Amino acid sequence: MSVEQGELRKEKEIENFGLQAETRDIFTDDSLDPVYQAKARILNDALQEIGMGKYQWYLFLVAGFGWLSDNLWPIVTGLILTPVINEFNVLGPWLKLAQNIGLLVGAAVWSVSSDVWGRRWAFNITLGMTGIFAIAAGGSMNYVALCSLTAVWSVGVGGNLPVDSAVFLEFVPASHQYLLTVLSVWWALGQLLGSLIAWPLIANYSCPTTIPPSPCPRSSNEGWRYFLFTMGGLMMLLWVIRFFVFKLYESPKYLMGRGRDEQAVEVVHKVAAYNGKTSNLTLEDLQRAEKLGDAAIDDGVYMDTSALAAVRRKMGTLSSNHVKSLFATRKMAWSTTILIVIWAFIGLAFPLYNSFVTYFLASRGADFGDGSTYITYRNQVILSVIGVPGALMAGFFVELPYLGRRGTLAIFTILTGTFILASTTARTSNALLGWNCGYSYTSNVMYGVLYALSPELFPTKDRGTGNAIVAVANRIFGIMAPIIALYTNLTTSVPIWISGAIFIVAGFIAFLLPFEPRGHASL
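Fair warning: this is a prediction, and the values are worked out from it, not measured in the lab.

Draft legend 1. Structural detail: the overall build of the chain. From N to C terminus, the chain includes 22 helices and 0 strands. Taking contacts inside the chain between residues at least 6 apart in sequence as the whole, the part at least 24 apart equals 85%.

As structure tokens, then:
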């Protein structure tokens, strides 16, 4: 039987299932397990039939807390870096190194555990863990204690994006998957919120930055501690909302991927009822879809999968099975590899510049003779404000026919690197601010698309592991950023040149992605 005949037969069978909505898949038929793919189609159609309702909008809100946290805490360590260096008279990159190690551990642990034990526990724990240890870090008596507690709170932060993006994508209908990109507005708001709160606290309760450094006792430098107490308290509030106010159902696609079809159908009906709708999905629909997938193997419609692989996927709990699935076919392996490379390069380039941007602003301002602590944090707030429309516009750009996710990611990654390189030409604080405004806008578009594109290109049964792999690559290379900073002088332009060049290379690599998710449903 030809591929075209197989597609016609599948479409007729799906129509007989009684579902009134139909979606198109991202992946070609040789990319995934046929049984899983057939069932995922049915669940996608069921979610599309329900539509975007109250449950999904509430999920948009609470999942956004994860985006906010993911950008807030790297910004927090950047914002406190200058007063911490002044007080303890230490090398600042060690703080960023501790944070990136924690982020690496968190990305690996929470992402893989979400594929083994489900999405709910990871979704509900990460914010609380971050808040508790951030509050404790505010009372640090020395630099070692601060770095240690920073590493632990970062374990919680590291799990937010891989888990939260998977949770949101697995409940939203295909017609509204672009909202995964719009969620990045929370990412920009995290930076803005941190900068706004740091401005009065650190600017008014910190020692001035001088060249050469002058003595800075704790009694004159409490601002960064007040800031950590405030941000930690905010995380505890967001955790309470997630854990006690909003009831998260387990992902129906996760349940289906674990062989628990009856529970998957039950969750779909609960979401429909929550939205004031009804669903035509039945357990028999998924059972028939499984037979279709098995039949498709016999007919040769699917090229690189087997019934044994489907059984092993349902019964297995080892993460190695999920990893193998991400490289099961040539096209899938190419897509996964390109995503890993992009995440790794950006993982190095972004913290190499963004983590030290506040320090760059302060040190360059001192060099230019037109800077102060107040101006430094004022400029940081301006950069954060500029990032918000970038995150919002990302949702518009990814839906443009000739641009899509792939084109938007590539172009804005290249522009991000260009603005970073251009900032080295600044000779005043205002000129440096101007170039950084361009960088802030394009980097928020870039990250908004990247965070949405990656989970879309991973099938649900392996999405947590896929997110873990790219997040771990991102964090491993992120660890290299403070190491580079330790061996290069932050008062020179060397880290800036390295960062900008890596962004540009990553942008061109993004053009090589084989799949374009625009207008298709994730599986």
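Draft legend 2. Up close: a nonpolar patch on the surface. A grouping of Trp121, Ile125, Val240, Phe243, Phe244 and Val245 is seen on the molecular surface, where their side chains present a nonpolar patch of about 630 Å² in accessible area. Of all the elements in the fold, those that place two or more residues in the nonpolar patch are α5 (119-137) and α10 (223-245). Looking at which element gives the most residues to the nonpolar patch, the answer is α10, with 4 residues. Its location among the elements puts Val245 in helix α10.

Draft legend 3. Summary view of the pattern of salt bridges. Tallying each qualifying case throughout the model produces 10 salt bridges. In this structure, the salt-bridge partner of Glu170 is Arg119, at a minimum N-O distance of 2.8 Å. Of this pair, Glu170 sits in the loop between α7 (160-169) and α8 (179-182) while Arg119 sits in helix α5, and the two are 51 residues apart along the sequence. For the pair formed by Glu170 and Arg119, the shared burial category is buried. Here Arg225 ties to Glu222 by a salt bridge, and the two come within 3.7 Å at their closest N and O atoms. For the pair Arg225 and Glu222, one class covers both residues: buried. Shared partners join several salt bridges into a network, and the residues in it are Glu87, Arg218, Glu222 and Arg225.

Draft legend 4. Quick look at the state of the cysteines. Under the criterion given, the structure shown has 1 disulfide. For Cys207, the disulfide goes to Cys216, at an S-S distance of 2.1 Å. Disulfide Cys207-Cys216: torsion about the S-S bond near 90°, hence right-handed. Residue Cys207 shares its accessibility class with Cys216, and that shared class is buried.

Draft legend 5. Summary view of the nonpolar core. Core analysis: the largest hydrophobic core is formed by 126 residues, its most contacted members being Leu59 and Trp73. For this core, the element with the highest residue contribution is helix α3 (residues 54-88), accounting for 18 residues. Apart from the residues lying within four places of it in its own chain, the contact partners of Trp73 are Gln99, Thr130, Ala134, Trp153, Val157, Leu228, Met231, Gly232 and Met235. If you look at the next biggest cluster of nonpolar residues, it comprises 6 residues, including Leu104, Ala107, Val472 and Ile479.

Draft legend 6. Region of interest: empty space enclosed by the protein. All chains considered together, the criterion is met by 7 cavities of 30 Å³ or more. The calculated volume of the largest cavity comes to roughly 190 Å³. What lines the largest cavity is a set of 19 residues, among which Pro74, Phe350, Pro351, Tyr447 and Arg475 lie closest to the centre. Secondary-structure elements contributing two or more residues to the lining of the largest cavity are α3, α4 (93-116), α16 (330-354), α20 (429-456) and α21 (460-487). If you tally residues by element for the lining of the largest cavity, the top one is α16, at 5 residues. A breakdown of the residues in the lining of the largest cavity according to their chemical character gives 8 nonpolar, 8 polar and 3 charged. Empty space within the second largest cavity amounts to approximately 130 Å³. Counting only elements with at least two residues in the lining of the second largest cavity, the list comes to α7, α20 and α21. For the lining of the second largest cavity, the element with the highest residue contribution is α21, accounting for 5 residues.

Cut-offs applied
For every chain, the first residue of the written sequence is number 1, and numbering continues from 1 along that sequence. The predicted nature of this model means local features are confined to residues of pLDDT at least 70 and side-chain atom pairs, given and counted, to a pLDDT of 80 or more, with totals for whole chains, interfaces and linings taken over all residues. Excluding hydrogens and water, the side-chain values take into account all heavy atoms of the structure. Strands are runs of DSSP state E lasting at least two residues, helices are runs of H or I lasting at least four, and both sets are numbered from the N terminus onward. Contacts are residue-level and defined by heavy atoms, with any inter-residue pair within 4.5 Å sufficient. Each patch is assembled from residues with relative accessible area greater than 30% and no salt bridge, linking like charges that lie within 9 Å and nonpolar side chains (Val, Leu, Ile, Met, Phe, Trp, Tyr) that lie within 5 Å. Using the Shrake-Rupley algorithm and a 1.4 Å probe, accessible areas are obtained, with residue cover drawn only from the displayed protein chains. One side-chain nitrogen of Lys or Arg within 4 Å of one carboxyl oxygen of Asp or Glu is enough to make a salt bridge. For every residue, the accessible area obtained with a 1.4 Å probe (protein chains only) is divided by the maximum for its type, and the residue is called buried under 20%, exposed over 50%, and partly exposed between those limits. Note on disulfides: each one is a pair of cysteine sulfur atoms within 2.5 Å. By nonpolar core is meant a set of buried Ala, Val, Leu, Ile, Met, Phe, Trp, Tyr and Cys residues that side-chain atoms within 4.5 Å join together. Only protein atoms enter the 1 Å grid used here, on which a cavity is any set of points holding a 1.4 Å probe that cannot leave and a pocket is any open set flanked by protein within 12 Å on both sides along at least five of seven lines; residues with an atom within 4 Å of a point are listed as lining. Grid points are joined across faces, edges and corners, and a volume is the space filled by probe spheres set on the points. Under the scheme applied, nonpolar residues are Ala, Val, Leu, Ile, Met, Phe, Trp, Tyr, Cys and Pro; charged residues are Asp, Glu, Lys and Arg; polar residues are all the others, including Gly.

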